[in-house]
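Descriptive structure summary
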Amino acid sequence: SDDGKLSFDEFKAYFADGVLSGEELHELFHTIDTHNTNNLDTEELCDYFSKHLGEYENVLSVLEDLNITILKAMDKTKKDYQDASNLEQFVTRFLLKETLNQLQSLQSSLECAMETTEEQTRQERKDPTKPEVLSIQWPGKRSTRRLQKNNSLSSNNPHSSTGWIEEDSQWMTQINRLQKLIDRLEKKDLKLEPFEEEVLEENARSHIMIVQNQMCVIEEKIEEFRLALKQYVESASTLGGCLHISIQKLPSSFRFIVYEFWENSNAWNSHLQMNYSKTFQRNNVDFLETPEFITTMLVPGKYHFL
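Calculation notes
Residues numbered from 1 in each chain as written. Predicted model: local features only at pLDDT ≥ 70, side-chain atom pairs only at ≥ 80, totals over all residues. Heavy atoms only, no water. Helix = DSSP H or I, 4+ residues; strand = E, 2+ residues; numbered from the N terminus. Buried < 20%, exposed > 50% of the residue type's maximum accessible area, 1.4 Å probe, protein only. Areas by Shrake-Rupley, 256 points an atom, 1.4 Å probe, with all protein chains shown as cover. Pairing = 2+ DSSP bridges. Contact = heavy atoms within 4.5 Å. Core = buried A, V, L, I, M, F, W, Y, C linked by side-chain atoms within 4.5 Å. Polar contact = N/O pair within 3.5 Å; in protein donor to acceptor, adjacent residues only side chain to side chain. Patch = residues over 30% accessible without salt bridge, like charges linked within 9 Å, V, L, I, M, F, W, Y side chains within 5 Å. Salt bridge = Lys/Arg side-chain N within 4 Å of Asp/Glu carboxyl O. Expected span 1.5 Å × (residues − 1).

As annotated in an unreviewed UniProt entry, the protein carries the name NECA1 protein and comes from Sclerurus mexicanus.

Dropping the structure here:
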C-alpha cells in the first residue's frame, strides 16, 4: 500500500512461492518481524536476508553494477543513435541484441535452477498441507511475462498448482480445451490408462511436458505475428524432443493458444535455449497487447499414444 511497510497479506502476496504453506509463511513473517509490530519494515527485511545471502551477496552486487552500466549505455545510445552513421547504428543494434541474448540466456539458466529446486523441495516434503498460492500483480510488461512463465503442474504431485490463475473456472476451461486437443492428437484415440500397475519415477525424464501459451496479439501486428509463429513452430517441430504442436485462434478476437508436447522437461528447457525460441520471445514484446501467459503440466511419460 506504499506506506513503507508490509502487512502479512502483502508479505504473502509477494513471497508465496507455491511451496511454503500458509502456516510456514506466517511463521517466517513473525521470524522477520523482530520489532513485533505485525508489520515488516525495510530494516527488518534487510537484517533477515543479509544473514542468508552467502554467494548471492556478490551476485546481487554485480547485478546492481550491471543495471547502472546498462542504463548509462542506453542513455548514451538514446543521445547518439540518431546522428550516428549507418554502420555505427548497425553496430549499436547488434550490441543491444547481443546484450539481450546474454541476459535472456542467464535468465533461462536461473529459471531452470528455480524449477529444479522447487521440484526437489516438493518431492522431499512430507507435509500434506496445501501450499499457499496467490495471484500477484507485477508492474512492467517484461517482468510480468517472465514471472508468469514458471508455473508447473505435475499429476502425481500433491503440492502442485496453477500458480497464477485467478479463477477456478478459467483453469477448468483450459483443462477442457487441453483434453479436446489430446483426443484429436494425430486423429487417434488416446488411452490415458497405464498398461499395467507401475511405480512412478521421480526422474524428470519419466514425464511428458505439456505447455500451453496464451497470447493476445495487437491487431496491427497480426500478420507479422503469424509469420513469426509459423517460423517458431517449424523450427521447434524439427527438434527430437518435440512430440506435437497445435495452434488455436479464438473466434472474434486476436487471442492465440499454442499447445506444445515435449518428451520431458529437459527437452523443453533445451528448446528455450535455442536461438529461434529466443527470437520469438523477443518479437512478442512488440507483437503482444498483454504479457503472454504460459502454463506447463507434467504427465507420466509411460502413458502410450495409440
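1. With respect to the overall build of the protein
Scanning the protein from terminus to terminus reveals 10 helices and 7 strands. Among the 306 residues that make up the protein, the fraction classed as buried is 33%. Counting every atom, the protein has about 19300 Å² of accessible surface; 53% of that belongs to carbon and sulfur.

2. So, the pairing of strand S7 (residues 293-300)
In terms of residue burial, S7 counts as a mostly covered element, since 8 of its 8 residues are buried. Alternating positions in S7 separate into two faces, Phe-293, Thr-295, Met-297 and Val-299 on one and Ile-294, Thr-296, Leu-298 and Pro-300 on the other, with burial throughout. Bridge analysis of strand S4 (residues 207-216) against S7 gives 8 bridges, and the strand direction is antiparallel. Looking at the pairing, His-207 lines up with Pro-300 of S7.

3. Examining the side chain of Asn-269
The residue Asn-269 is located in helix H9 (residues 265-273) in this model. Here Asn-269 is in contact with Cys-112 and Glu-115, once residues within four sequence places are set aside.

4. Describing the nonpolar core
Core analysis: the largest hydrophobic core is formed by 25 residues, its most contacted members being Phe-225, Leu-229, Trp-262 and Phe-280. Elements supplying a minimum of two residues to this core: S4, helix H8 (222-237), strand S5 (242-249), strand S6 (255-262), H9, helix H10 (275-287) and S7. For this core, the element with the most residues is H8, which contributes 7 residues. In contact with Phe-225, not counting residues within four places along its chain, are Met-215, Val-217, Phe-256, Phe-280, Asn-284, Phe-287 and Leu-288. Counting residues in hydrophobic clusters, the runner-up holds 8 residues, among them Phe-8, Phe-29, Ile-32 and Leu-45.

5. A look at unusual backbone geometry
Backbone geometry places Asn-36, a non-glycine residue, at a positive phi of 55°. Considering the arrangement of structural elements, one finds Asn-36 in the loop between helix H2 (22-32) and strand S2 (40-41). For Asn-36, a relative accessible area of 64% corresponds to the exposed category. Even without being glycine, Asn-38 reaches a positive phi, approximately 60°. Mapped onto the fold, Asn-38 is located in the loop between H2 and S2. According to the relative accessible area criterion, Asn-38 is partly exposed, its value standing at 48%.

6. A short note on H9
The set of residues buried in H9 consists of Ser-265, Ala-267, Trp-268, Asn-269, His-271 and Leu-272. Tucked into the core, H9 has its buried residues touching helix H5 (86-124), S4, H8, S6, H10 and S7. You can read the cap of H9 off the contacts: a side-chain oxygen lies 3.1 Å from the backbone nitrogen of Asn-266, and it is on Asn-264.

7. Regarding a nonpolar patch on the surface
Taken together, the side chains of Tyr-56, Val-59, Leu-60, Leu-63, Leu-66 and Leu-103 define a hydrophobic patch exposed on the protein surface, amounting to about 520 Å² of accessible area. In terms of residue count, helix H4 (residues 56-80) provides more of the nonpolar patch than any other element does, 5 residues in total. Given a relative accessible area of 32%, Leu-66 falls into the partly exposed group.

8. Re H8
Spanning 16 residues, H8 covers 22 Å between terminal C-alpha atoms, matching the ideal 22 Å at 1.5 Å per step. Buried-residue contacts for H8 involve S4, S5, S6, H9 and H10.

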